[in-house]
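Take a look at the letters that make up each chain.
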Amino acid sequence: MTLALASTAGFTSTTRRRLWIERVTGLGFALPAFALLLLTILLPLAVLLWLSLTNYEFGGVDMDWVGLANFQKALADPIIRRSLVNTLLYVAIVVPGGVLGALLIAVLVHRRKRTRSFYEVVYFLPVTSTLIAMATVWQFLLHPSLGPVNGLLKWLGIGPIAFLSEPSTALATLAVIGIWQLIGFNMILFLAGLTAIPRDLYEAADIDGCSSGIDRFLTITWPLLGPTTMFVLVTTMITAFKIFDTVAVMTRGGPVGSTEVLLYNIYLEGFQYFHTGYAAALTFIFLAFILVFSAVQTFALDKKVHY
Amino acid sequence: MAKVALSSIAKSFGPTKVLGGVDLDIADGEFLTLVGPSGCGKSTLIRIIAGLEHQNAGSVAIGGSSVDHLRPHERRVAMVFQSYALYPHMSVGANIALPLTMSRLKLWQRLPLLRQLSAQRRSVMRGIEADVEAVAAQLQLDHLLARKPAQLSGGQRQRVALGRAMVRNPDVFLMDEPLSNLDAKLRVHMRTELAELHKRLGATFIYVTHDQVEAMTMSDRVAMMDSGAVLQLGTPSQLYEKPASLKVAQFIGSPTINLLPAATAAGGRLELFGRPLALAVPLAQGEAVALGIRSEALSLVQGEPGGNGRAWFSARLRRKENLGSEYILHFDLAGRDAAGVTMRATPAAAAGVNEAAEVTLGFDETAAHIFAADGERIEPRGQGAATGSVVPLRA
Ligand SMILES: Nc1ncnc2c1ncn2[C@@H]1O[C@H](COP(=O)(O)OP(=O)(O)OP(=O)(O)O)[C@@H](O)[C@H]1O
Ligand SMILES: [Mg+2]
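Residues numbered from 1 in each chain as written. Chains lettered and ligands numbered in written order. Predicted model: local features only at pLDDT ≥ 70, side-chain atom pairs only at ≥ 80, totals over all residues. Heavy atoms only, no water.

K.L.:
How do you make sense of the overall build of chain B when you look at a structure like this?
P.N.:
Broken down by element type, chain B carries 10 helices and 21 strands. Expressed as a percentage of its 395 residues, the buried residues of chain B come to 50%. Long-range contacts, defined as pairs at least 24 residues apart, comprise 65% of the intrachain contacts of chain B with a sequence gap of at least 6. When the accessible surface of chain B is totalled, it reaches about 17,600 Å², and 51% of it is carbon and sulfur. (Helix = DSSP H or I, 4+ residues; strand = E, 2+ residues; numbered from the N terminus. Buried < 20%, exposed > 50% of the residue type's maximum accessible area, 1.4 Å probe, protein only. Contact = heavy atoms within 4.5 Å. Areas by Shrake-Rupley, 256 points an atom, 1.4 Å probe, with all protein chains shown as cover.)

As structure tokens, then:
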């Protein structure tokens, strides 16, 4: 009896000690990752937030606390509003185009056996090329008088279109270039998703009467690609929101502001006009947009996706 | 209901020849099992019948007419896959209903959004639901209809796959190792259920397995395959009692048939370990043959061995295997480089044999199967009783 009691007491004290050691070890393991998170993400974010509440100008020696004035100014600024609308328009073209186009190509390429890797490489090339270099090629291709695209249009009897210098077409043209650049990467993701669908499901569906391509797609492919589609959708949207390089090298926001987008305005405010505080506030708005859109998509679609 | 006729089905995957001219006639309502070692082409053959694979030569006829030009769903066959191939994103009910929604609704009535416009869709769906419930009740799945396949046990998944096959009332059920993912006990249970299902539905069943016990217990007839050819087609007892070749004899039956090295003496008379037997085969003198003897045909010999058409040899006990109702005794053949032999024994008989003890094993010579060097069965010309036991059984 006494022996049993003594051992129980010893047991609880060693248990407590072990728990304590476990907790300390756990914290020790989590610390490096947390420190990294703090240094690379949380701290810069805090600095950004702090800057956005001041009127700091890059290179200046003093600054004043201005509260939410930067945010108020941004929301009232017609240029910012226009760039916001342009960004949303761009996203609205690039996301469906980049996702559905990639899905279509992936489904077509997936069926090829021998030529599959050839198509994979061809469609992936735009992802590996530097957009700045490719932009000059696009500029040439789309040139109103020298470019082959307009040559073709002329041959078809359609007058030359100044794709990049016409306010009505400039943003859409940039969106097409954006889709061109994204589609290969998304296609690879969809191909991976397609490869993961067991072949015998298609065979079972074939026996059950899903004989047409559209039936197979709706019964098997589309539902089972759900997780992939969601990932592709969210990453494409974030990438589209970050449109900057084509604007910077091809249109500089023009013609007449028709391609001014959020990130380009942030760049102008922060690095051309040195309104660092204001740029910080814009960045915050930009991040908030991405966060809200991603969250809405994730929560809205998550229930419909089968994992 | 339909009979299935395969005529000289050949199939190669590139340079590898998988099936070399398979002929099979399967009667209406028959339970035929394709059995054979791994890689012998069973799955390929059943997939050709289903239309999932196309033969290079030969023809498949179901119900008397060729189906070679038909898509799988037009052949009125249903298939149960080894992996079950349930649609993971659909509920059990939707899984079972899918063949019906595909056949009873037109394409536009299945499309999202557009389908809301259909007036009859409601009533068709109600009919489908009723049919699904009827099938689910037969398989005791009624309480699981709302679950996803991932939330089911292996046996339940198996039954959903069966339900999906049954709901269309197919003429022919094709099953590719449907039980191999189940644990041993459930497999025995499902064996009975499948056999009863076959009796109840009266449809033609073509069943693939590499498990000879499944083949023996469920089938009307068994087709034993090897290297893309049917070695023997017959009832389970025909295959067991009169295997046409060494390969069939070795594959069917557990424990595996014992093979003893025998040779022919003058006049084709057989000799086992130098002792003459009463059996003779139509072979020249000095030919080596294999003498097959099932483990239940062996017995322990007390006293003077031999005589009266009984062969004998001595052996040393290596191991006893207790199966509860009986023992499997493993013997080494004393002083010979032949493989050991196994013998079934009652617990009482097994108790009388000690480890490493040398005993005499005897068997009735009429129970012996003789195989030539090329593996073909040879009917021995025995004395008296020797020919009596090999009367062929007819299905
Ligand atoms: N798509 C394919 N391409 C090339 N070879 C194949 C293909 N499918 C099957 N084979 C080959 O055909 C042979 C027979 O395959 P099959 O699947 O019919 O065997 P099985 O009898 O069902 O075997 P198991 O009992 O292991 O399932 C094997 O040697 C296999 O490697
Ligand atoms: Mg197989």
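K.L.:
How should the sheet that holds strand E10 (residues 229-234) of chain B be read in this particular structure?
P.N.:
Picture the strands of a sheet paired through backbone hydrogen bonds; they go either parallel or antiparallel. Residues and elements named next belong to chain B. Spatially, E6-E7-E8-E3-E9-E10 is the arrangement adopted by the 6 strands of the open sheet, whose pairing is mixed. The sheet is open, and its two borders are formed by strand E6 (77-80) and E10, each paired with just one other strand. Recorded for the sheet is a direction-independent mean angle of 20 degrees between the axes of neighbouring strands. Sheet topology places strand E3 (residues 31-35) next to strand E8 (residues 204-209); 5 bridges connect them, and they run parallel. (Pairing = 2+ DSSP bridges. Axes fitted to C-alpha atoms, helices over the stretch in contact; angles between N-to-C directions.)

K.L.:
Explain the pairing of strand E7 (residues 172-176) of chain B here, please?
P.N.:
It is a general feature of regular strands that their side chains alternate between the two faces of the sheet. Residues and elements named next belong to chain B. Of all 5 residues that make up E7, 5 are buried, and the element is covered over most of its length. Alternating residues of E7 divide into Val172, Leu174 and Asp176 and Phe173 and Met175, and every residue in both groups is buried. The parallel pair E7 and E8, bridged by helix H6 (residues 184-201), forms a crossover whose chirality is right-handed. (Right-handed = clockwise from strand over helix to strand, strands pointing away.)

K.L.:
I tried to follow helix H9 (residues 213-224) of chain A on my own but got confused; where do I start?
P.N.:
In an α-helix there are 3.6 residues to a turn, and that puts residues three or four apart on one side. A rise of 1.5 Å per residue sets the reference length of H9(A), with its 12 residues, at 16 Å; its end C-alpha atoms lie 15 Å apart and thus fit the reference within 8%. Within H9(A), burial applies to Asp215(A), Thr219(A), Ile220(A), Thr221(A), Pro223(A) and Leu224(A). The elements touched by buried residues of H9(A) are helix H7 (167-195), helix H8 (199-208) and helix H10 (226-241) of chain A together with helix H2 (92-104) and helix H3 (107-110) of chain B. (Expected span 1.5 Å × (residues − 1).)

K.L.:
Explain the nonpolar core here, please?
P.N.:
Note on soluble globular proteins: their nonpolar side chains tend to be buried together. Residues and elements named next belong to chain B. Core analysis: the biggest nonpolar cluster contains 99 residues, and Leu34, Leu45, Leu174 and Ile206 have the highest contact counts within it. If we skip the residues at most four places from it in the chain, leucine 34 touches Leu24, Lys42, Leu45, Ile206, Tyr207, Val208, Thr209, Ala223 and Met225. Within the second largest apolar cluster, 37 residues are counted, among which are Leu152, Phe173, Leu179 and Leu194. (Core = buried A, V, L, I, M, F, W, Y, C linked by side-chain atoms within 4.5 Å.)

K.L.:
What is the right way to look at the interface of chain B and chain A in this model?
P.N.:
It is common to give the size of an interface as the accessible area that goes away when the parts come together. In this assembly, 27 residues from chain B lie in contact with 21 residues from chain A. Applying the counting criterion to the chain B and chain A interface returns 4 salt bridges. Applying the counting criterion to the chain B and chain A interface returns 10 residue pairs in polar contact (both at pLDDT 80 or more). For the side of chain B that touches chain A, a count of residues per class yields 18 nonpolar, 3 polar and 6 charged. (Salt bridge = Lys/Arg side-chain N within 4 Å of Asp/Glu carboxyl O. Polar contact = N/O pair within 3.5 Å; in protein donor to acceptor, adjacent residues only side chain to side chain. Nonpolar A, V, L, I, M, F, W, Y, C, P; charged D, E, K, R; others polar.)

K.L.:
In this structure, what is going on with the packing of helix H5 (residues 131-141) of chain A against H7(A)? I would like to understand it.
P.N.:
The packing of two helices is summarised by the inter-axis angle and the distance between the axes. Residues and elements named next belong to chain A. Contact geometry for H5 and H7: axes closest at 12 Å, N-to-C directions at 130 degrees. When the axis of H5 is compared with that of H7, the two are oblique. Considering how the two elements wind past one another, H5 and H7 form a crossing that is right-handed. Judged by residue contacts, Leu131, Met134 and Trp138 of H5 engage Ile177, Trp180 and Gln181 from H7. (Parallel < 35°, antiparallel > 145°, perpendicular 65-115°, else oblique. Left-handed = near helix turned anticlockwise from the far one by under 90°.)

K.L.:
Is there a simple way to explain the pattern of salt bridges in this structure?
P.N.:
Two side chains of opposite charge can pair, provided their charged atoms sit close to one another. All names here are of chain B. Tallying each qualifying case throughout the model produces 19 salt bridges over all chains. Between arginine 221 and glutamate 30 there is a salt bridge; the shortest N-O distance is 2.4 Å. Of this pair, arginine 221 sits in strand E9 (residues 221-226) while glutamate 30 sits in the loop between strand E2 (16-26) and E3, placing them 191 residues apart in sequence. With respect to class, arginine 221 is no different from glutamate 30; both count as buried. Across the salt bridge formed by arginine 316 and glutamate 358, the nearest N and O atoms sit 3.2 Å from each other.

K.L.:
I keep staring at the packing of H7(A) against H10(A) and nothing clicks. Help me out?
P.N.:
All names here are of chain A. Where H7 meets H10, the closest approach of the two axes is 10 Å, and the angle between their N-to-C directions is 165 degrees. Comparing the axis directions of H7 and H10 gives the class roughly antiparallel. Between H7 and H10 lies a crossing whose hand is right-handed. Contacts from Leu182, Asn186, Leu189, Phe190 and Gly193 in H7 reach Thr228, Thr229, Phe231, Val232, Thr236 and Thr239 in H10. Of the residues that constitute the contact of H7 with H10, the class distribution is 5 nonpolar, 6 polar and no charged.

K.L.:
For this particular structure, what's the right way to read H8(A)?
P.N.:
Burial runs high along H8(A): 8 of the 10 residues are buried. Of the residues making up H8(A), those classed as buried are Leu201(A), Tyr202(A), Glu203(A), Ala204(A), Ala205(A), Asp206(A), Ile207(A) and Asp208(A). Buried residues along H8(A) sit against H9 of chain A together with helix H1 (42-50), E6, H2 and helix H5 (154-166) of chain B. Of the residues flanking the end of H8(A), it is Gly209(A), one or two places downstream, whose phi is positive at about 110 degrees.

K.L.:
Looking at this structure, I do not really get the packing of aromatic side chains. What am I missing?
P.N.:
Aromatic rings in a pair are described by how distant their centres are and how their planes are angled relative to each other. Residues and elements named next belong to chain A. Under the counting rule described, the total for this entry stands at 17 aromatic pairs over all chains. Note on phenylalanine 241 and phenylalanine 286: the rings are 6.5 Å apart at their centroids and 75 degrees apart in plane angle, and the pair reads as edge-to-face. Note that phenylalanine 241 is positioned in helix H10 and phenylalanine 286 in helix H13 (residues 276-302), a separation of 45 residues in sequence. Here phenylalanine 241 matches phenylalanine 286 in class, with each residue buried. (Phe/Tyr/Trp six-rings, centres within 6.5 Å; stacked < 30°, edge-to-face > 60°.)

K.L.:
Which parts of the structure should I look at to understand the pairing of strand E13 (residues 275-280) of chain B?
P.N.:
Summarising the sheet, strand E12 (residues 269-272) of chain B and E13(B) pair through 3 bridges and their orientation is antiparallel. Within E13(B), the position partnered with Glu271(B) by the bridge is Pro276(B).

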